[in-house]
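Coordinates in review
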Amino acid sequence: MTRWSLRSCALSISIAAAMLAACGGSQQVSQTPPQAQGDATSTLLPVGALSHGASRQLRRYPKHRHGLLYVAGYNPSAIDIFPLTGPNRKQIGSITNGVEFPKGLSIDANNSLYVANAYTGNVTVYAYGSTIPSMIYSGMYRSLYALADSSGHVYVSGQNRHARGHVLEFNADTNRIVAHRRIGSEADGMAFDGKGNLYVAYRAGGGLKKDSIAEFGPGLTHMRLLGMTLQQPQGLLVDNAGNIIVVESHAQRIDVFPPGIKTPSVTVTIFGTSYLEGLAMQNSETTLWVSTWGGYVYSMPYPLTKSTVPTEYEEIYGPANGIAVTP
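All of the points below concern the structure found in this document.

Conventions we followed
- Residues numbered from 1 in each chain as written.
- Predicted model: local features only at pLDDT ≥ 70, side-chain atom pairs only at ≥ 80, totals over all residues.
- Heavy atoms only, no water.
- Helix = DSSP H or I, 4+ residues; strand = E, 2+ residues; numbered from the N terminus.
- Buried < 20%, exposed > 50% of the residue type's maximum accessible area, 1.4 Å probe, protein only.
- Areas by Shrake-Rupley, 256 points an atom, 1.4 Å probe, with all protein chains shown as cover.
- Pairing = 2+ DSSP bridges.
- Axes fitted to C-alpha atoms, helices over the stretch in contact; angles between N-to-C directions.
- Contact = heavy atoms within 4.5 Å.
- Core = buried A, V, L, I, M, F, W, Y, C linked by side-chain atoms within 4.5 Å.
- Phe/Tyr/Trp six-rings, centres within 6.5 Å; stacked < 30°, edge-to-face > 60°.

Focus on the overall build of the chain
- Along the chain, the regular secondary structure elements total 1 helix and 25 strands.
- When burial is assessed residue by residue, the chain has 57% of its 327 residues classed as buried.
- A total accessible area of about 13,700 Å² is found for the chain, and carbon and sulfur atoms account for 53% of it.

Brief notes about the sheet that holds strand β21 (residues 276–281)
- Strand order in this open sheet of 4 strands is β21-β22-β23-β24, and the pairing throughout is antiparallel. Each edge of the open sheet is held by one strand with a lone partner, namely β21 and β24 (311–315). Going across the sheet, the axis of each strand differs from the next one's by a mean of 30°, ignoring polarity.
- As judged from the 4 bridges shared by strand β23 (residues 296–301) and β24, these two strands associate in the antiparallel manner. In the sheet register, Ser299 faces β24, and the bridge partner there is Thr311.

Structural notes on the side chain of Gln234
- With respect to the secondary-structure elements, Gln234 resides in strand β17 (residues 233–238).
- Overall, Gln234 belongs to the buried group, its relative accessible area being 10%.
- Among all residues touching Gln234, those that are not within four sequence positions of it are Lys103, Asp188, Gly189, Ala201, Arg203, Val247, Ser249, Leu276 and Glu277.

Things to note about the sheet that holds strand β25 (residues 320–325)
- The sheet built from 4 strands is open, its strands ordered β4-β3-β2-β25 with antiparallel pairing. Two strands lie at the open edges of the sheet, namely β4 (93–95) and β25, each paired on one side alone. Looking at each pair of strands side by side, their axes are set apart by 25° on average, direction ignored.

A short note on the nonpolar core
- Residues Ile245, Ile254, Leu279, Leu288, Val290, Met300 and Leu304 are the most contacted members of the largest nonpolar core, which totals 17 residues.
- The greatest single-element share of this core, amounting to 3 residues, is contributed by β21.
- Beyond its immediate sequence surroundings of up to four residues, Ile254 is in contact with Ile245, Val246, Val247, Val266, Thr267, Val268, Leu276, Leu279, Leu288, Val290, Met300 and Leu304.

Describing the pairing of strand β9 (residues 142–148)
- Counting buried residues along β9, 6 of its 7 residues qualify, which places the element largely inside the surrounding structure.
- Relative to strand β10 (residues 153–159), β9 runs antiparallel, the two sharing 6 bridges. Bridge pairing in β10 links Arg142 to Gln159.
- Between β9 and β10, which pair antiparallel one after the other, the connecting turn spans 4 residues, and Gly152 there sits at a positive phi close to 95°.

Here's the deal with the packing of aromatic side chains
- Inspection of every chain in the model, using the stated rule, returns 6 aromatic pairs.
- Aromatic side chains Tyr137 and Phe170 sit 5.2 Å apart centroid to centroid with 55° between the ring planes, which places their arrangement in the tilted category. Placement of Tyr137 in strand β8 (residues 135–137) and of Phe170 in strand β11 (residues 165–171) is noted, with a sequence separation of 33 residues between them.
- Looking at Phe170, the relative accessible area reads 0%, which means it is buried.
- Taken together, the ring pairs in this structure connect Tyr74, Phe101 and Trp293 into an aromatic cluster.

Some remarks on unusual backbone geometry
- Of note, the amide linkage connecting Asn75 to Pro76 takes the cis form, showing an omega dihedral of 0°.
- Turning to its location among the elements, Pro76 is positioned in the loop between β2 (68–74) and β3 (77–83).
- For the bond running from Tyr302 to Pro303, omega is 5°, close enough to zero to count as cis.
- The topology assignment puts Pro303 in the loop between β23 and β24.
- Positive phi, normally seen in glycine, also occurs at Asn88, with a value near 55°.
- Along the chain, Asn88 turns up in the loop between β3 and β4.
- Given a relative accessible area of 56%, Asn88 falls into the exposed group.
- If you check the backbone angles, Gln232 has positive phi at about 55° while not being a glycine.
- With respect to the helices, strands and loops of the structure, Gln232 is situated in the loop between β16 (221–225) and β17.

So, in structure tokens, the structure goes:
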């Protein structure tokens, strides 16, 4: 099937979803939160635990035994859905409702999809099988990534209108900011380690002289700059052994940093695809996926080695920014 016919199929699915919503499907939830101001100091407020209930399963496309691959695209703004059964599979669906210039994608423990929308500055959440948002988090000028933890909190990274990087923390299912931190000129990819610490890729600015990664404790406390020098870090993961996997977008490479080390133990470079964007990996940690500005998704066996050769996995029409796979 051609990319044009895939988009036509995606449009049909989106229209069907809208009709379903009109007949009683899940509705958007939106409130006006406090905004992260450019000149405000970092604020830490009491963090309350709230069970994560935005992940009710709505079976509007079938649950696949091998999982799903989500790819965020710009042209038009949509999340393309593929079965995770091997390379070059036929697209099976698309999400367009609430999607505006999507960037980072992530999946929570209940298979709900989080979409950071750079154009509207919000984050839309989709229960598994649904194409209508079940929750919307607002408060950022440009939202670039969102991530839910296991104790009822959602973190959103991005940039405010004064070109300052911010990380916001919400109680899950409420549009109330309980903590925020200002970091660099842009906060991008995020990941948790096995201890629940949050890692955030950021760009230089705001008193920070280089692009790198920061680590936070619970509630965005105890910020620690890790010190590695990167070129426009974007996609970010932490594996079960504590290794940090990060995309250097401008340098077109993926680095692996062992715990506590500032130089990568392995680097994999992918030339000729324009900028690298997002990273994704299942719980089994046997395959790593990366999306590119050129519209390609590549896969490679994990752990990475010096002889790792990425192979083309999927292609979409227009830039492929965020990427996510079900666990």
